[in-house]
Amino acid sequence: MNLDESNMSGSDWRRLFRLERSGRRVDEDVDAELSFHIDERVDELLAGGMDEEEARAEVMKQFGDVDRISAACRNIDEERLEGQRRREFFASVGQDVRFAFRTLRRSPVFTAIAVLTLGLGIGANTAIFSVIYGVLLQPLPYQQGEQLVLIRQSAPGAGANNMNFSPKEVFDYREQTETLDGVVEYHSMWFSLLGREEPERVQTGVVSANFFDVLGVQPHLGRTFREGEDEIGAEPVLVLSYEYWQRSHGSDPGVVGRQFEMNDKIHTVVGVLPPIPQYPRDNDVYMPVSACPFRSAETVRENRNARMMPNVFGRLRPGLKLEQGQADMATIASRLQQDYPESYSEDSGFTATLEPLDDTLTQNARPTLLILLITAGLVLLIACANVANLTLARLIRREKEMALRSALGAGRRRLLRQLLTESTIVALMGGVIGLVIAWQGLDLLISFAARFTPRAFEVGIDAPVLVFTLLISVATGLLFGSLPALPSTSDLAAPLKDAGARSRTVGGPQRLRSMLIVAQVAVSFVLLIGAGLMARSLYKLTQVDAGFNPENVLAMEIDLDWSKYNSIAERMEYFNPLLERVNELPGVLSAAVARTFPLNESGLFNTGFDIEGRLVDEAELRPVADFRIASPQFFQTVGVPLLRGRVFTDMDHEESIQVAILNRSLAEHHWQGEDPIGRRITFDGGDTWVTIVGVVGDVRQRLEVAAQDEVYVPYAQVPTRQTNLLVRTRANPLLMAKQVINEAYEVDANQPVANVRTVEQVRSEYLASPRLTAVLLALFAGLALAITVTGIAGVIAFSVSQRTQEIGIRMALGAEQSSVLGMVLRQGMLLVAIGLALGVAGALGITRLMSGLLFEVEPTDPITFIFVALVLAAVAAVATFVPARRATTVDPVLALRTN
């Protein structure tokens, strides 16, 4: 129809519009709605006195020309069609989901096994990821925590790779830095807190007044320190940690404002911190540096070489990078070296660097946690492979169903989507089980991670962990669902042409099942090797002769009050009567005091010394030994043998000649075959000489480290404030703990006794970290082995069931049961052998990551490799034998009838 638009009437124009659309598939509702608006607008214009031509022009201006109107209509149609397609898609998805649930309900055994298997794998990964996220990935719970740094000082040329700080140095960095907003100091000490029913020993963080401001920490109750409260003469105040507030004060908000006595001063509680990780250790309370009697002493404040603070914090200014801060610190260190050459020699290499706080908090935990994450990931891969094998076996039985659906019009994509829907539902149900498993094991993992990092208590099942579980569940479902689905849908018409359901046991599906079993065996071998190496390492660690006897030895810490026990005489006035009282208790064999004791990592320090006749001028060339302080009965109490000379006696006191006892290692290193008894050494360059009176056996202060050179001096000559009371008893020492504590209170009722334990408990606690690591790896490896074994048994059993006719024919033709048994065993063990070969190659590469966790065991330890290979092969042989034995019971007549 050809119309001249210039001569068209309104009705002609509307008719043209309809004709333009008549050949298109357009929603009638859209057509009617648009036509109504056009008619209505034309009528309005005509009623207003406008002629046809003007009305047409106005309508064209509003609605566009015919082509534009037609295009607009097409767009509306397409949007409606797209909406209709979306509705159809979601309707089909809902149909897939409903069908999947019906199908899974018809296979309860498969569903239960698949859900449980995936639940174990997903649960292991969720649990480990919760720790990884809480410790390694989650931002620090401080304001802009990524800007927090630690300042490190070092002088490699003088053998000091990590130097402490003096107050003078802290002041210099604070005043001279151009890149840090705030420089604050921190150290931690034990003090006695009085004012409660019993004296309490509290771990006290001694910090700058703006310490919490720099960290960006807001108090839970009250306030933190104010400017000026760290100056000499300021009123003593305390801030309590959240954990201590809960533990010792029952979360009482009224604690703010209370007063307690500490260091002979009255301290007022001004606030309570929120529940945050404390670095580098947990403290009960915090005080400003002015309240610490040691830090505030003039001899410390004014001495540049009085380096007592191990930690100095800072905050990078906004917009600056770590490299800029590094350059700033190096410049300040160079300036200090020039200004104070007597404190920083030219050849010492003195410098200062910055280290991100979050890296420092997690550096000890990172290797172990990453190994556990890799292990958990391998367990999940094994679980996926096992469920994929189960799914493949189930799909082979469903081939006729799939072929029939294909014949009725279902395309390959439609069928694949149905299979993936089923596998994803199974994986999501496994994810729910995994969350429950992760939740139940969370406390164990938190206590495990707490041995490596103070960030452990940030671990929890929170939103990121839930998202991870959802994603890994969906990914798992797609993974184990797509592997068997792809080959099983390659020729959906074939089952309808075949005479029986067992015609497709060879080819792609069978090869895939075999590949999955090989992969399971290989990964299981790697996990078992890792667990075996850790088990051997732990065994060797437990068999280490540490050089002492921890049996029936009680230990407790007594940190004498600064204000009351300042001099040697005052300290001995406390410990002399205490040791007399404890030694007189029935059941006590001996008692002693010492600065520290074996495997107790606190109180360790070393010192340089000179040997008479071998003085050296260079400090870095002086021999160094670990410095030990002990009372006369120390060696008897902890079971360290005397090899030569004598032990300390009561005659070795402040007024007598200075004496020392060496361990065997030090004596052999520096007197090589000579008798050191009677020789002299000095710790102060020759001002005071110390006579050697004995040699004792070597003691390992750390089980994994060989005994170091050690020198012991009498407690009566160098009494320390921080002390351990050690008591050897005839029976269980914990039964006598109350009596010993009562004797301590009889000597001084205001002197607290803390951390009561046995030395055997100390040793057990020392082994807890490698033990827990070994247990976790063993659990993962055991889980992987169980899944793999069931997978092997399932594959062989299914193969036997699918080859029933073949086996029946063989037996009908005279095949012996032993030959059938051997045939099936060879089939299974061939897969195991291939998997072991691949596993050995993988283990040789992966286990090198564990070298830092092993003790006296090489990552390629042949004993572990051979033992694990034999165990895995034996277990796999048993798993293969059961279905193989069943194959020998096939009745040839019945087998031939089933065809």
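Residues numbered from 1 in each chain as written. Predicted model: local features only at pLDDT ≥ 70, side-chain atom pairs only at ≥ 80, totals over all residues. Heavy atoms only, no water.

Regarding the side chain of Thr637
Within the element layout of this structure, Thr637 appears in helix 19 (residues 634-638). Judged by relative accessible area, which is 0%, Thr637 ranks as buried. Of note is the side chain of Thr637, whose polar atom sits 2.9 Å from the side chain of Ser590. The residues contacting Thr637, other than those within four sequence positions of it, are Val553, Ser590, Ala591, Ala592, Leu726, Val727 and Arg728. (Helix = DSSP H or I, 4+ residues; strand = E, 2+ residues; numbered from the N terminus. Buried < 20%, exposed > 50% of the residue type's maximum accessible area, 1.4 Å probe, protein only. Polar contact = N/O pair within 3.5 Å; in protein donor to acceptor, adjacent residues only side chain to side chain. Contact = heavy atoms within 4.5 Å.)

What about the packing of aromatic side chains?
The final tally for this structure, using the stated rule, is 22 aromatic pairs. Between Phe212 and Phe225, the ring centres sit 5.9 Å apart and the planes meet at 45°, which makes this aromatic pair tilted. Residue Phe212 is located in helix 7 (residues 211-215), and its partner Phe225 is located in the loop between strand 5 (221-222) and strand 6 (237-240); the two are separated by 13 residues in the primary sequence. Here Phe212 matches Phe225 in class, with each residue buried. Aromatic pair Phe525 and Phe865: ring centres 6.1 Å apart, planes at 70°, arrangement edge-to-face. Separated by 340 residues along the polypeptide, Phe525 in helix 17 (residues 508-542) and Phe865 in helix 26 (residues 862-887) bring together distant segments of the chain. Residue Phe525 shares its accessibility class with Phe865, and that shared class is buried. (Phe/Tyr/Trp six-rings, centres within 6.5 Å; stacked < 30°, edge-to-face > 60°.)

Section: the packing of helix 6 (residues 167-176) against helix 10 (residues 322-339)
Running from amino to carboxyl end, helix 6 crosses helix 10 at an angle of 125°, the nearest separation of the two axes being 11 Å. Our classification of the angle between helix 6 and helix 10 gives oblique. Judged by the twist between their axes, the crossing of helix 6 over helix 10 is right-handed. On helix 10, the residues touching Asp172, Tyr173 and Gln176 of helix 6 are Asp328, Met329, Ile332, Ala333, Arg335 and Leu336. Partitioning the contact of helix 6 with helix 10 into residue classes produces five nonpolar, one polar and three charged. (Axes fitted to C-alpha atoms, helices over the stretch in contact; angles between N-to-C directions. Parallel < 35°, antiparallel > 145°, perpendicular 65-115°, else oblique. Left-handed = near helix turned anticlockwise from the far one by under 90°. Nonpolar A, V, L, I, M, F, W, Y, C, P; charged D, E, K, R; others polar.)

Digging into the nonpolar core
Residues Leu118, Phe480, Phe525, Leu527 and Ile792 are the most contacted members of the largest nonpolar core, which totals 94 residues. Setting aside residues up to four positions removed in sequence, Leu527 forms contacts with Thr375, Leu378, Val379, Ile382, Phe780, Ala781 and Ala784. (Core = buried A, V, L, I, M, F, W, Y, C linked by side-chain atoms within 4.5 Å.)

Section: a nonpolar patch on the surface
A cluster of nonpolar side chains, namely Leu116, Ile433 and Ile437, defines an oily patch on the protein surface of about 220 Å² accessible area. Among the secondary structure elements, Ile433 is positioned in helix 14 (residues 412-449). Judged by its relative accessible area of 33%, Ile433 falls in the partly exposed class. (Patch = residues over 30% accessible without salt bridge, like charges linked within 9 Å, V, L, I, M, F, W, Y side chains within 5 Å. Areas by Shrake-Rupley, 256 points an atom, 1.4 Å probe, with all protein chains shown as cover. Salt bridge = Lys/Arg side-chain N within 4 Å of Asp/Glu carboxyl O.)

Remarks on the environment of Leu726
Inspection of the secondary structure puts Leu726 in strand 22 (residues 722-729). The class of Leu726 is buried, set by a relative accessible area of 0%. As a C-alpha pair, Leu726 and Glu557 span 169 residues in sequence and 9.0 Å in three-dimensional space. Apart from residues lying up to four places away in sequence, Leu726 is in contact with Leu554, Ala555, Ser590, Ala591, Ala592, Ala594, Phe597, Phe634, Thr637 and Val638.

Digging into the pairing of strand 21 (residues 710-714)
The buried fraction of strand 21 amounts to five of the five residues, a majority that puts the element mostly inside the structure. Side chains Glu710, Tyr712 and Pro714 project from strand 21 onto one buried face, and the interleaved Val711 and Val713 project onto a second face that is buried too. When strand 16 (residues 624-630) meets strand 21, the two strands line up parallel, connected through five bridges. Bridging across to strand 21, Asp626 finds its partner in Glu710. Bridge analysis of strand 18 (residues 659-663) against strand 21 gives two bridges, and the strand direction is antiparallel. Each residue of the ladder has a partner; that of Ile661, found in strand 21, is Tyr712. (Pairing = 2+ DSSP bridges.)

Digging into the pattern of salt bridges
All told, the structure shown has 25 salt bridges when counted by the stated rule. Note that Glu557 is salt-bridged to Arg201, the shortest N-O span being 2.5 Å. Taken as a pair, Glu557 in strand 12 (residues 553-559) and Arg201 in strand 4 (residues 200-207) lie far apart in primary sequence, 356 residues in all. Here Glu557 and Arg201 have matching classes, each one buried. Note that Arg628 is salt-bridged to Glu710, the shortest N-O span being 3.4 Å. Highlighted residues: Arg628 in strand 16 and Glu710 in strand 21, separated in sequence by 82 residues. Linked by salt bridges that have partners in common, Arg201, Glu557, Asp559 and Arg757 make up one network.

Considering the side chain of Asp652
Among the secondary structure elements, Asp652 is positioned in the loop between strand 17 (642-645) and strand 18. Here Arg646 takes part through its side chain, which lies 3.0 Å from a polar atom of the side chain of Asp652. Excluding its chain neighbours within four sequence positions, the residues that come into contact with Asp652 are Arg646, Val647, Val659, Pro714, Ala716 and Gln717.

Here we look at the packing of helix 18 (residues 568-583) against helix 21 (residues 737-747)
Two elements in contact, helix 18 and helix 21, have axes whose closest approach is 9 Å; the angle formed by their N-to-C orientations is 145°. Crossing of helix 18 over helix 21 shows right-handed handedness. Taking contact as the criterion, the partners of Tyr574, Pro577, Leu578, Arg581 and Val582 in helix 18 are, on helix 21, Val740, Glu743, Ala744, Glu746 and Val747. Here the contact of helix 18 with helix 21 is built from residues that sort into seven nonpolar, no polar and three charged.

A short note on empty space enclosed by the protein
Under the definition given, this model contains six cavities of 30 Å³ or more. If you add up the space inside the largest cavity, you get close to 150 Å³. If you go around the largest cavity, you meet 13 residues; those closest to its centre are Ile371, Thr375, Val526, Ile846 and Met850. At the level of secondary structure, the elements contributing two or more residues to the lining of the largest cavity comprise helix 12 (366-397) and helix 17. Looking at the lining of the largest cavity residue by residue, the classes come out as 10 nonpolar, three polar and no charged. Lining of the second largest cavity is provided by 14 residues; of these, Thr391, Arg394, Leu419, Glu422 and Ser423 occupy positions nearest its centre. A per-class count over the lining of the second largest cavity returns eight nonpolar, three polar and three charged. (1 Å grid on protein atoms, 1.4 Å probe; cavity = no way out; pocket = protein on both sides within 12 Å on 5 of 7 lines; lining within 4 Å. Points joined across faces, edges and corners; volume = space filled by probe spheres on them.)

Some points on unusual backbone geometry
Backbone geometry places Asn755, a non-glycine residue, at a positive phi of 55°. You will see that Glu856, though not glycine, has its phi angle at about 55°, which is positive. With respect to the helices, strands and loops of the structure, Glu856 is situated in the loop between helix 25 (817-846) and helix 26.

Focus: the confidence of the model for the protein chain
Counting all residues, the mean pLDDT for the protein chain is 82, and 83% of those residues have values of 70 or more. Of all the helices and strands in the protein chain, helix 1 (residues 10-22) carries the lowest mean pLDDT, 46, while strand 6 carries the highest, 96. Within the model, the stretch residues 1-10 combines pLDDT values under 50 with 11 contacts to residues more than four positions away or in other chains. A low-confidence stretch, residues 12-30 stays under pLDDT 50, and its non-local contacts, those more than four residues away or across chains, total 40 contacts. (pLDDT = per-residue confidence, 0-100.)

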